[in-house]
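Understanding the architecture of this molecule
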Amino acid sequence: MSITTKFVFITGGVLSSLGKGVASSSLAHLLKMCHFEVDMLKIDPYINIDPGTLSPFEHGEVFVTADGSETDLDIGHYERFLNKDFSKENNFTTGQIYLSVIEQERQGQYLGKTIQVIPHIVEEIKERILKLGQGKDFLIVEVGGTVGDIEGMVYLEAIRELKNALGSKQVANIHVTLVPYIATSQELKTKPTQHSIIELRRLGVSANIILARCSQDLGADLKAKIASSCDVPVQNVIQAKDAPSIYACPANYLQEGLLDALFKHFNMEAQLDHRQFDLWAGLVHHILNPQRTLKIAFVGKYVHLSESYKSFLESMVCVGAHLKVRVEPVLINSEEFELQEGESETQLKERVARTLQSVDGLLVPGGFGSRGIEGMINAITYARESKKPFFGVCLGAQVMVIEFARHVLGLKGAHSSEFDTNAPHKVIDLLESQANTTHKGSSMRLGTHKISLKEGSLIAKTYNALEVYERHRHRYTINPDYLESYAKHGLEVVGQSFDHSQNLTEAMALKDHPFFLGVQYHPEFTSRLIAPNPLFKAFVQACM
Ligand code: GLN
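The shown structure was predicted, so the numbers you read here are calculated from the model rather than taken from an experiment.

1. Digging into helix 12 (residues 310–323)
- Helix length check: helix 12 (14 residues) gives 20 Å between terminal C-alpha atoms against 20 Å at 1.5 Å per residue, within 8%.
- Burial within helix 12 is extensive, with 12 of its 14 residues counted as buried.
- If you check which residues of helix 12 are buried, you get Lys-310, Ser-311, Phe-312, Leu-313, Glu-314, Ser-315, Met-316, Cys-318, Val-319, Gly-320, Ala-321 and Leu-323.
- Positive backbone phi, at 60 degrees, marks Lys-324, one or two positions downstream of helix 12.

2. Notes on the sheet that holds strand 7 (residues 171–178)
- What the seven strands build is an open sheet, ordered 5-2-6-1-7-10-11; its pairing is parallel. This sheet does not close on itself; its edge strands, each paired only once, are strand 5 (91–93) and strand 11 (237–241). In this sheet, adjacent strand axes meet at a mean angle of 20 degrees when their direction is disregarded.
- Strand direction decides the pairing type here: strand 1 (residues 6–12) and strand 6 (residues 138–143), joined by five bridges, are parallel. The residue of strand 6 that forms the bridge with Ile-10 is Glu-142.

3. What to know about helix 14 (residues 373–386)
- Here helix 14 contains 14 residues, and its C-alpha end-to-end distance of 20 Å stays within 8% of the 20 Å for a straight helix at 1.5 Å per residue.
- For helix 14, a buried count of 10 out of 14 residues is recorded, marking the element as mostly surrounded by other parts of the structure.
- Within helix 14 the residues assigned to the buried category are Ile-373, Gly-375, Met-376, Ile-377, Ala-379, Ile-380, Thr-381, Tyr-382, Ala-383 and Arg-384.
- Downstream of helix 14 by a residue or two, Lys-387 has a phi angle that is positive, lying close to 60 degrees.

Parameters at a glance
- Residues numbered from 1 in each chain as written.
- Predicted model: local features only at pLDDT ≥ 70, side-chain atom pairs only at ≥ 80, totals over all residues.
- Heavy atoms only, no water.
- Helix = DSSP H or I, 4+ residues; strand = E, 2+ residues; numbered from the N terminus.
- Expected span 1.5 Å × (residues − 1).
- Buried < 20%, exposed > 50% of the residue type's maximum accessible area, 1.4 Å probe, protein only.
- Pairing = 2+ DSSP bridges.
- Axes fitted to C-alpha atoms, helices over the stretch in contact; angles between N-to-C directions.

What follows is the structure, encoded as structure tokens:
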């Protein structure tokens, strides 16, 4: 089988968090604007099968794809930059590679052989890369971690072997590195980059293009120095200076000559579609020059790490670009809204109101576990009573229902069975399909499900549709036994799904309130710069 795909490997040097995900997405975006068929792969060199069971503190957000796989948050960047759905094929971990090799070994597929990292593990990696690349013009492969990590070595070996097999006209390596600025001597330093390239070479891999992250302009001299010490043409040293928005990166890289360098390496030519490029540039212009700023409180439990709410925060940027506003997220740890020692209920209520009165709206995102739930309830009471726009997503919607059950229906002790198995009113209860689930990996209700919206409702008008497809990730659901009572008091079911053994409530909204909506699904996973999810648009408009 002959493969014509061009493979671009993105590796990282010096330290982590250099933005390889954004760099990979930006390159893919530029190639897409040249009308190439581009696919992407994120390799995570850890042993977990997927990040689904990792704490948000460890790993940041778990991004859920349409086909229901729990993936790395970089897949979210890929989708937002390319405005396209990715799937479980677009992300694998070392755990998945070993699992499939071991399963094959148990089935007797290697009978008589000793299974080793080289060749068997490396072969499995190469096979997956080649398979995904088939039929595409480009496959961008982002290798997680930093060159020099023991766990990443096997991937560099796979890159080396693929380059040998396919030749340099089909394989390019882009090394993302840091050129730190030392304030005391007012100098940019190239040594870490040189060392990182030496480390790459030691493993038999050479960089073709260097994407140098920096906070100051490199200048011709430093570019020449990096080029000569790292063995690349000077035009292949691409300055990636800190950008005011990640969405400005494609244009910055283009101007710096990234596409020219890549096309030259592959000995090819292509034209950028300027109409599409201008559309994107127009949105970036609005991100950078908003007409006004709004403050939206995110009352959650992982707030000290904004990586945990990546897709929410990016959704706000994406929607802001269309509404010409900048949403300033105010991240609030919900535990701060809980009763403190010596504080009375009235004092707490006043304290919550004081903090929230300066924001234009309030969002309670998803989450797991009981910590901070009471604080979320108190924040939602404030939003309901003061008629501040409120949006609850997944756990946020469930807590919205708990709040309403307790404070409007007067159901004392109403709770979710996730947090209190003996609650007198389990207004949120385990999904029937979850009753016999014993293992934790990839076992929630996941991925895209069809939702029917109530005719004439605000949510149906917002989507301009009566049926929508949204992504899910939950084990618990709104208990239908109480729905009639909620409706009598104005909280109505406005979205349902019927694709399950039970009819599920997917969205509830409060009448006589400018915006008080809870959805069981995750609109943040389908919000892209070109096409933000309509619910975020409606929410931010309500906040405006
Ligand atoms: N913990 C809740 C559940 O499992 C909510 C999940 C979420 O917010 N993603 O149903």
